[in-house]
Amino acid sequence: MPEVPAQAAILVGGRGTRLGSLTDAIPKPMVEVAGRPFLDWLIEEVSRFGFPRITLLAGYLGHTIAERYDGKQVRGSRIEVLIEPQPLGTAGGLKLFADHLEDRFLLLNGDTRFDVNLLDLPLHAGDALATLALRRTAPGARYGTVEVDAAGRIHGFAARSPDRSGPINGGIYWLSKAILDHIGDGPVSMESDVFPKLAEEGALRGALYDGDFIDIGIPDDLAASQSMIPAMARRPAVFLDRDGVLIEDTGWPHKPAEARWMPGAARAVKRLNDAGWLVFVVTNQAGVAKGFFPESQVGVMHGWMATTFAAAGAHVDAFEYCPNHPQALEDRYRLDCGRRKPQPGMIRDLLAAWPVDAARSFLVGDKDTDIEAARAAGLPGHLFPGGDLDAFIAPLLERAG
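Here the structure is a predicted model, which means the values were calculated and not measured. What you see as residue numbers is a count from 1 along each chain, following the sequence as written. Selection of residues for local features in this predicted model requires a pLDDT of at least 70, selection of side-chain atom pairs for listing and counting requires 80 or more, and totals for whole chains, interfaces and linings are taken over all residues. Remark: hydrogens and water are excluded; side-chain values derive from all non-hydrogen atoms of the structure.

## Concerning the packing of aromatic side chains
Part 1 of the argument: Any two of the Phe, Tyr and Trp rings considered here, Trp counted by its six-membered ring, make a pair once their centres fall within 6.5 Å; the pair's planes then place it as stacked at under 30 degrees, edge-to-face at over 60, or tilted in between. One pass over the structure, following the stated rule, counts 11 aromatic pairs.
Part 2 of the argument: Between Tyr143 and Phe213 the ring centres are 5.7 Å apart and the planes differ by 80°, which places this aromatic pair in the edge-to-face class. Highlighted residues: Tyr143 in the loop between β9 (130-135) and β10 (145-148) and Phe213 in strand β14 (residues 213-215), separated in sequence by 70 residues. Pair check on accessibility: Tyr143 and Phe213 agree, each one buried.
Part 3 of the argument: Linked through ring pairs, Phe114, Tyr143, Tyr209 and Phe213 together constitute an aromatic cluster.
Part 4 of the argument: Two conditions define a charge located above a ring, namely a distance within 6 Å from the ring centre to NZ of Lys or CZ of Arg, and an angle within 35 degrees of the ring normal. Here the guanidinium or amino end of Arg36 rests over the ring plane of Trp41, the centre of that ring lying 4.7 Å away.
Part 5 of the argument: Above the plane of the ring of Trp354 lies Arg75, whose end atom (NZ or CZ) is 3.9 Å from the centre. The helix and strand labels rest on DSSP assignments: H or I over at least four residues marks a helix, E over at least two residues marks a strand, and numbering proceeds from the N terminus. Exposure is judged per residue with a 1.4 Å probe applied to protein chains only, and the accessible area is read against the type maximum: over 50% gives exposed, under 20% gives buried, and values in between give partly exposed.

The following block contains the structure:
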(Lines give C-alpha, C1' and ligand atoms only; values in the text may rest on other atoms or scores of the structure.)
Protein backbone atom coordinates (compact mmCIF):
# COMPACT_ATOMS: atom_id res chain seq x y z
CA MET A 1 0.00 0.00 0.00
CA PRO A 2 1.39 3.49 -0.85
CA GLU A 3 2.60 5.62 2.02
CA VAL A 4 0.01 7.73 3.86
CA PRO A 5 1.31 11.28 4.46
CA ALA A 6 1.61 12.01 8.17
CA GLN A 7 3.12 15.51 8.25
CA ALA A 8 2.87 18.82 6.42
CA ALA A 9 5.51 21.47 7.12
CA ILE A 10 5.00 25.10 6.13
CA LEU A 11 7.82 27.62 5.66
CA VAL A 12 6.70 30.77 7.51
CA GLY A 13 10.02 32.46 8.28
CA GLY A 14 10.07 35.09 5.53
CA ARG A 15 10.58 38.81 6.14
CA GLY A 16 8.57 39.98 3.10
CA THR A 17 10.67 43.05 2.25
CA ARG A 18 8.75 43.67 -0.99
CA LEU A 19 5.62 44.33 1.06
CA GLY A 20 7.28 47.30 2.74
CA SER A 21 5.95 48.49 6.08
CA LEU A 22 3.24 45.82 6.15
CA THR A 23 5.79 43.37 7.55
CA ASP A 24 7.57 45.68 9.98
CA ALA A 25 5.74 44.11 12.93
CA ILE A 26 4.57 40.74 11.53
CA PRO A 27 6.01 37.97 9.33
CA LYS A 28 4.86 37.88 5.71
CA PRO A 29 2.50 34.87 6.16
CA MET A 30 0.65 36.84 8.86
CA VAL A 31 -0.40 39.73 6.62
CA GLU A 32 -4.14 40.21 6.50
CA VAL A 33 -6.18 38.67 3.71
CA ALA A 34 -9.94 39.24 3.78
CA GLY A 35 -9.83 40.09 7.48
CA ARG A 36 -7.63 37.19 8.64
CA PRO A 37 -3.94 36.29 8.52
CA PHE A 38 -3.07 34.62 5.23
CA LEU A 39 -1.64 31.74 7.27
CA ASP A 40 -5.10 31.04 8.72
CA TRP A 41 -6.39 30.37 5.22
CA LEU A 42 -3.41 28.18 4.34
CA ILE A 43 -3.56 26.07 7.52
CA GLU A 44 -7.29 25.49 7.08
CA GLU A 45 -6.69 24.30 3.53
CA VAL A 46 -3.84 21.95 4.50
CA SER A 47 -5.78 20.53 7.44
CA ARG A 48 -8.59 19.41 5.09
CA PHE A 49 -6.35 16.59 3.89
CA GLY A 50 -6.08 14.86 7.25
CA PHE A 51 -2.44 15.44 8.16
CA PRO A 52 -2.03 14.50 11.85
CA ARG A 53 0.79 17.06 12.18
CA ILE A 54 1.27 20.51 10.70
CA THR A 55 4.70 21.94 11.50
CA LEU A 56 5.30 25.66 11.04
CA LEU A 57 8.98 26.50 10.44
CA ALA A 58 9.23 30.09 11.62
CA GLY A 59 12.00 32.67 11.72
CA TYR A 60 11.44 36.42 11.48
CA LEU A 61 9.22 37.47 14.42
CA GLY A 62 8.47 33.80 14.96
CA HIS A 63 7.02 34.43 18.41
CA THR A 64 3.96 36.04 16.80
CA ILE A 65 3.31 32.80 14.91
CA ALA A 66 3.94 30.65 17.98
CA GLU A 67 1.52 32.72 20.07
CA ARG A 68 -1.28 32.24 17.56
CA TYR A 69 -0.78 28.64 16.44
CA ASP A 70 1.50 26.52 18.63
CA GLY A 71 -0.42 23.66 20.21
CA LYS A 72 -3.62 24.49 18.34
CA GLN A 73 -5.81 21.88 16.64
CA VAL A 74 -7.42 22.65 13.28
CA ARG A 75 -9.80 20.02 11.85
CA GLY A 76 -7.88 17.26 13.61
CA SER A 77 -4.39 18.49 12.65
CA ARG A 78 -2.10 19.30 15.58
CA ILE A 79 0.05 22.38 14.98
CA GLU A 80 3.58 22.86 16.26
CA VAL A 81 5.79 25.92 15.73
CA LEU A 82 9.58 25.69 15.48
CA ILE A 83 11.61 28.92 15.40
CA GLU A 84 15.08 29.08 13.83
CA PRO A 85 17.57 31.20 15.82
CA GLN A 86 18.85 33.00 12.72
CA PRO A 87 17.82 33.07 9.04
CA LEU A 88 18.74 29.75 7.43
CA GLY A 89 16.91 29.96 4.11
CA THR A 90 14.14 27.72 2.85
CA ALA A 91 16.31 24.59 3.23
CA GLY A 92 18.53 25.34 6.21
CA GLY A 93 15.66 25.21 8.70
CA LEU A 94 14.81 21.68 7.60
CA LYS A 95 18.27 20.50 8.49
CA LEU A 96 18.18 22.29 11.84
CA PHE A 97 14.88 20.64 12.79
CA ALA A 98 15.61 17.22 11.30
CA ASP A 99 14.50 15.43 14.48
CA HIS A 100 10.99 16.87 14.01
CA LEU A 101 10.51 15.57 10.46
CA GLU A 102 8.91 12.34 9.27
CA ASP A 103 10.78 10.12 6.81
CA ARG A 104 8.58 11.63 4.09
CA PHE A 105 6.64 14.85 4.45
CA LEU A 106 4.88 17.60 2.53
CA LEU A 107 6.52 21.02 2.46
CA LEU A 108 4.69 24.20 1.47
CA ASN A 109 5.75 27.79 1.03
CA GLY A 110 3.92 29.94 3.56
CA ASP A 111 3.29 32.84 1.18
CA THR A 112 1.64 31.01 -1.73
CA ARG A 113 -1.66 29.27 -2.29
CA PHE A 114 -1.88 26.62 -5.00
CA ASP A 115 -5.19 24.80 -5.33
CA VAL A 116 -4.24 21.14 -5.78
CA ASN A 117 -5.09 17.78 -4.24
CA LEU A 118 -2.20 17.57 -1.77
CA LEU A 119 -2.52 13.80 -1.45
CA ASP A 120 -2.01 13.33 -5.19
CA LEU A 121 1.59 14.60 -5.13
CA PRO A 122 3.10 11.56 -3.33
CA LEU A 123 1.69 9.31 -6.05
CA HIS A 124 4.15 10.88 -8.52
CA ALA A 125 7.27 10.56 -6.35
CA GLY A 126 8.76 7.28 -7.58
CA ASP A 127 12.41 7.15 -6.52
CA ALA A 128 12.85 10.93 -6.36
CA LEU A 129 14.09 12.77 -3.28
CA ALA A 130 11.67 15.58 -4.06
CA THR A 131 8.49 15.91 -6.10
CA LEU A 132 7.28 19.40 -6.99
CA ALA A 133 3.73 20.54 -7.67
CA LEU A 134 4.01 22.55 -10.88
CA ARG A 135 1.52 25.08 -12.23
CA ARG A 136 1.15 23.98 -15.84
CA THR A 137 1.00 27.50 -17.28
CA ALA A 138 1.92 30.87 -15.82
CA PRO A 139 3.59 33.97 -17.23
CA GLY A 140 7.35 33.71 -16.89
CA ALA A 141 7.88 37.45 -16.46
CA ARG A 142 7.72 37.08 -12.68
CA TYR A 143 8.53 33.38 -12.17
CA GLY A 144 11.26 31.13 -13.47
CA THR A 145 10.09 28.10 -15.41
CA VAL A 146 10.71 24.38 -14.89
CA GLU A 147 12.00 21.98 -17.54
CA VAL A 148 10.05 18.75 -17.06
CA ASP A 149 9.64 15.83 -19.47
CA ALA A 150 6.55 13.76 -20.24
CA ALA A 151 7.55 11.17 -17.64
CA GLY A 152 7.61 13.83 -14.90
CA ARG A 153 11.39 14.02 -14.54
CA ILE A 154 12.66 17.57 -13.91
CA HIS A 155 15.81 18.37 -15.86
CA GLY A 156 16.42 21.98 -14.87
CA PHE A 157 15.15 25.47 -14.23
CA ALA A 158 15.12 28.52 -16.50
CA ALA A 159 15.30 32.14 -15.39
CA ARG A 160 12.22 34.31 -15.60
CA SER A 161 11.40 35.61 -19.05
CA PRO A 162 8.35 37.23 -20.69
CA ASP A 163 8.85 34.79 -23.58
CA ARG A 164 7.99 31.73 -21.46
CA SER A 165 4.66 30.69 -19.96
CA GLY A 166 5.40 27.82 -17.59
CA PRO A 167 5.33 25.42 -16.00
CA ILE A 168 6.37 27.13 -12.77
CA ASN A 169 7.18 25.93 -9.28
CA GLY A 170 3.95 25.98 -7.28
CA GLY A 171 5.64 26.02 -3.86
CA ILE A 172 4.43 22.59 -2.71
CA TYR A 173 6.87 19.66 -2.37
CA TRP A 174 6.74 16.01 -1.33
CA LEU A 175 10.16 15.33 0.20
CA SER A 176 12.17 12.39 1.40
CA LYS A 177 14.05 13.17 4.59
CA ALA A 178 17.15 11.91 2.78
CA ILE A 179 17.16 15.29 1.02
CA LEU A 180 18.79 16.68 4.17
CA ASP A 181 22.04 15.03 3.05
CA HIS A 182 22.04 17.47 0.13
CA ILE A 183 21.64 20.58 2.29
CA GLY A 184 24.82 22.33 3.36
CA ASP A 185 25.48 24.27 6.54
CA GLY A 186 24.25 27.80 7.12
CA PRO A 187 21.64 29.61 5.01
CA VAL A 188 20.60 27.43 2.06
CA SER A 189 17.88 27.99 -0.52
CA MET A 190 15.82 24.97 -1.53
CA GLU A 191 14.90 26.56 -4.84
CA SER A 192 18.29 28.00 -5.82
CA ASP A 193 20.79 25.62 -4.18
CA VAL A 194 19.18 22.21 -3.64
CA PHE A 195 16.65 21.60 -6.40
CA PRO A 196 18.95 22.46 -9.35
CA LYS A 197 21.55 19.96 -8.13
CA LEU A 198 18.93 17.26 -7.61
CA ALA A 199 17.69 17.89 -11.15
CA GLU A 200 21.21 17.30 -12.47
CA GLU A 201 21.34 14.01 -10.56
CA GLY A 202 17.95 12.86 -11.86
CA ALA A 203 16.46 12.86 -8.34
CA LEU A 204 13.75 15.47 -8.92
CA ARG A 205 10.25 14.93 -10.27
CA GLY A 206 7.28 17.15 -10.97
CA ALA A 207 3.52 16.80 -11.32
CA LEU A 208 1.52 19.25 -13.43
CA TYR A 209 -1.68 20.87 -12.16
CA ASP A 210 -4.05 23.57 -13.39
CA GLY A 211 -5.39 24.85 -10.07
CA ASP A 212 -5.56 28.51 -9.12
CA PHE A 213 -2.27 29.96 -7.87
CA ILE A 214 -1.32 33.16 -6.08
CA ASP A 215 1.80 34.44 -4.32
CA ILE A 216 1.19 37.25 -1.82
CA GLY A 217 4.81 38.43 -1.89
CA ILE A 218 4.21 41.66 -3.83
CA PRO A 219 1.61 44.40 -3.21
CA ASP A 220 -0.37 43.82 -6.43
CA ASP A 221 -0.84 40.11 -5.76
CA LEU A 222 -1.61 40.73 -2.10
CA ALA A 223 -4.37 43.08 -3.23
CA ALA A 224 -5.69 40.45 -5.65
CA SER A 225 -5.66 37.85 -2.90
CA GLN A 226 -8.26 39.75 -0.87
CA SER A 227 -10.99 38.40 -3.15
CA MET A 228 -9.18 35.42 -4.69
CA ILE A 229 -8.37 33.55 -1.46
CA PRO A 230 -11.96 33.49 -0.11
CA ALA A 231 -13.15 32.46 -3.57
CA MET A 232 -10.66 29.56 -3.59
CA ALA A 233 -11.90 28.42 -0.17
CA ARG A 234 -15.53 28.34 -1.30
CA ARG A 235 -16.17 25.03 -3.09
CA PRO A 236 -19.00 22.85 -4.28
CA ALA A 237 -19.49 19.68 -2.26
CA VAL A 238 -20.69 16.14 -2.76
CA PHE A 239 -22.50 14.51 0.15
CA LEU A 240 -22.11 10.72 0.07
CA ASP A 241 -24.07 8.14 1.98
CA ARG A 242 -21.74 5.47 3.38
CA ASP A 243 -23.30 1.99 3.47
CA GLY A 244 -24.42 1.05 -0.02
CA VAL A 245 -22.46 3.86 -1.68
CA LEU A 246 -18.85 3.72 -0.44
CA ILE A 247 -18.96 0.28 1.16
CA GLU A 248 -21.39 -2.57 0.65
CA ASP A 249 -24.43 -2.52 2.92
CA THR A 250 -24.02 -5.96 4.46
CA GLY A 251 -26.20 -5.17 7.44
CA TRP A 252 -24.71 -2.75 9.96
CA PRO A 253 -21.10 -3.00 8.69
CA HIS A 254 -18.78 -1.89 11.48
CA LYS A 255 -15.59 -3.98 11.30
CA PRO A 256 -12.88 -2.90 8.83
CA ALA A 257 -11.72 -6.48 8.35
CA GLU A 258 -15.18 -7.48 7.14
CA ALA A 259 -16.09 -4.36 5.15
CA ARG A 260 -16.18 -4.56 1.37
CA TRP A 261 -15.61 -1.47 -0.78
CA MET A 262 -17.99 -0.63 -3.56
CA PRO A 263 -16.22 -0.77 -6.94
CA GLY A 264 -14.62 2.55 -7.84
CA ALA A 265 -15.18 4.12 -4.41
CA ALA A 266 -11.64 5.44 -3.93
CA ARG A 267 -11.42 6.53 -7.57
CA ALA A 268 -14.67 8.47 -7.22
CA VAL A 269 -13.50 10.31 -4.11
CA LYS A 270 -10.14 11.11 -5.71
CA ARG A 271 -11.88 12.36 -8.84
CA LEU A 272 -13.83 14.79 -6.67
CA ASN A 273 -10.69 15.81 -4.77
CA ASP A 274 -8.77 16.40 -7.99
CA ALA A 275 -11.62 18.56 -9.28
CA GLY A 276 -11.41 20.70 -6.13
CA TRP A 277 -14.72 19.62 -4.59
CA LEU A 278 -15.38 19.09 -0.91
CA VAL A 279 -16.36 15.52 -0.02
CA PHE A 280 -18.59 14.74 2.95
CA VAL A 281 -19.97 11.46 4.26
CA VAL A 282 -23.43 11.60 5.89
CA THR A 283 -24.54 8.28 7.33
CA ASN A 284 -27.24 6.95 9.66
CA GLN A 285 -25.64 4.54 12.13
CA ALA A 286 -28.65 3.17 14.01
CA GLY A 287 -26.63 0.02 14.71
CA VAL A 288 -25.31 1.97 17.69
CA ALA A 289 -28.79 2.69 18.99
CA LYS A 290 -29.85 -0.93 18.48
CA GLY A 291 -26.84 -2.26 20.40
CA PHE A 292 -25.05 -3.99 17.51
CA PHE A 293 -21.79 -2.09 18.20
CA PRO A 294 -20.54 0.78 20.42
CA GLU A 295 -20.47 4.33 19.10
CA SER A 296 -16.66 4.32 19.26
CA GLN A 297 -16.65 1.70 16.50
CA VAL A 298 -18.04 4.27 14.07
CA GLY A 299 -14.85 6.29 14.56
CA VAL A 300 -12.76 3.16 14.01
CA MET A 301 -14.49 2.54 10.69
CA HIS A 302 -14.11 6.11 9.55
CA GLY A 303 -10.43 6.18 10.54
CA TRP A 304 -9.85 3.03 8.51
CA MET A 305 -11.68 4.50 5.54
CA ALA A 306 -9.67 7.73 5.74
CA THR A 307 -6.37 5.82 5.82
CA THR A 308 -7.38 3.67 2.86
CA PHE A 309 -8.45 6.72 0.88
CA ALA A 310 -5.21 8.58 1.69
CA ALA A 311 -3.12 5.71 0.32
CA ALA A 312 -5.02 6.17 -2.96
CA GLY A 313 -4.43 9.95 -2.99
CA ALA A 314 -7.98 10.71 -1.83
CA HIS A 315 -9.67 12.11 1.26
CA VAL A 316 -13.04 12.85 2.86
CA ASP A 317 -13.27 16.32 4.35
CA ALA A 318 -15.70 15.33 7.10
CA PHE A 319 -17.56 12.24 8.28
CA GLU A 320 -20.94 12.98 9.85
CA TYR A 321 -23.09 10.26 11.39
CA CYS A 322 -26.27 9.94 13.42
CA PRO A 323 -26.39 7.10 16.02
CA ASN A 324 -29.94 7.81 17.14
CA HIS A 325 -33.17 5.86 16.56
CA PRO A 326 -36.67 6.15 18.08
CA GLN A 327 -36.49 2.48 19.16
CA ALA A 328 -33.00 2.62 20.70
CA LEU A 329 -32.11 0.37 23.63
CA GLU A 330 -30.63 3.27 25.63
CA ASP A 331 -32.37 6.52 26.46
CA ARG A 332 -29.48 8.65 25.16
CA TYR A 333 -30.00 7.29 21.64
CA ARG A 334 -33.81 7.08 21.74
CA LEU A 335 -34.34 10.23 19.75
CA ASP A 336 -36.20 11.16 16.61
CA CYS A 337 -33.66 13.90 15.95
CA GLY A 338 -33.21 16.28 13.07
CA ARG A 339 -29.91 14.71 12.01
CA ARG A 340 -31.23 11.25 11.20
CA LYS A 341 -32.05 10.99 7.50
CA PRO A 342 -34.57 11.67 5.98
CA GLN A 343 -34.15 14.75 8.18
CA PRO A 344 -31.52 17.14 6.74
CA GLY A 345 -29.65 17.98 9.96
CA MET A 346 -26.28 16.44 9.04
CA ILE A 347 -26.27 18.19 5.68
CA ARG A 348 -27.31 21.52 7.16
CA ASP A 349 -24.64 21.30 9.86
CA LEU A 350 -21.99 20.81 7.19
CA LEU A 351 -23.35 23.66 5.07
CA ALA A 352 -23.10 25.91 8.14
CA ALA A 353 -19.58 24.81 9.13
CA TRP A 354 -17.86 24.79 5.73
CA PRO A 355 -17.61 27.35 2.90
CA VAL A 356 -19.83 25.35 0.52
CA ASP A 357 -21.07 26.56 -2.84
CA ALA A 358 -24.49 24.98 -2.36
CA ALA A 359 -25.74 25.98 -5.81
CA ARG A 360 -23.36 23.46 -7.43
CA SER A 361 -23.50 20.76 -4.73
CA PHE A 362 -25.39 17.47 -4.67
CA LEU A 363 -25.89 14.24 -2.71
CA VAL A 364 -25.45 10.61 -3.74
CA GLY A 365 -27.32 7.96 -1.76
CA ASP A 366 -28.80 4.52 -2.21
CA LYS A 367 -32.11 5.00 -0.38
CA ASP A 368 -35.12 7.25 -0.78
CA THR A 369 -34.41 8.66 2.69
CA ASP A 370 -31.08 9.99 1.40
CA ILE A 371 -32.79 11.79 -1.46
CA GLU A 372 -35.45 13.19 0.88
CA ALA A 373 -32.73 14.57 3.18
CA ALA A 374 -31.00 16.25 0.24
CA ARG A 375 -34.27 17.76 -0.97
CA ALA A 376 -35.05 19.09 2.53
CA ALA A 377 -31.61 20.74 2.60
CA GLY A 378 -32.19 22.32 -0.80
CA LEU A 379 -29.80 20.08 -2.76
CA PRO A 380 -30.27 17.73 -5.70
CA GLY A 381 -30.08 14.05 -4.76
CA HIS A 382 -29.01 11.19 -7.01
CA LEU A 383 -30.00 7.59 -6.30
CA PHE A 384 -27.03 5.25 -6.73
CA PRO A 385 -28.19 1.86 -8.09
CA GLY A 386 -24.94 0.06 -7.28
CA GLY A 387 -22.04 -0.88 -9.51
CA ASP A 388 -19.01 1.33 -10.12
CA LEU A 389 -19.26 4.51 -8.06
CA ASP A 390 -16.65 6.37 -10.09
CA ALA A 391 -18.53 5.68 -13.31
CA PHE A 392 -21.68 7.02 -11.63
CA ILE A 393 -19.99 10.15 -10.23
CA ALA A 394 -18.06 11.16 -13.37
CA PRO A 395 -21.00 12.36 -15.50
CA LEU A 396 -22.63 14.07 -12.49
CA LEU A 397 -19.44 16.01 -11.90
CA GLU A 398 -19.15 16.94 -15.57
CA ARG A 399 -22.73 18.23 -15.67
CA ALA A 400 -22.19 20.27 -12.51
CA GLY A 401 -19.25 22.03 -14.17
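## Observations concerning helix α1 (residues 38-47)
Part 1 of the argument: Of all 10 residues that make up α1, 9 are buried, and the element is covered over most of its length.
Part 2 of the argument: Of the positions making up α1, those classed as buried are Phe38, Leu39, Asp40, Trp41, Leu42, Ile43, Glu45, Val46 and Ser47.

## What about the environment of Ala359?
Part 1 of the argument: By the secondary structure assignment, Ala359 is in the loop between α9 (345-353) and β18 (362-365).
Part 2 of the argument: Sequence separation between Ala359 and Asp185 is 174 residues; the distance between their C-alpha atoms is 53 Å.

Shape descriptors only; they carry no functional weight alone.
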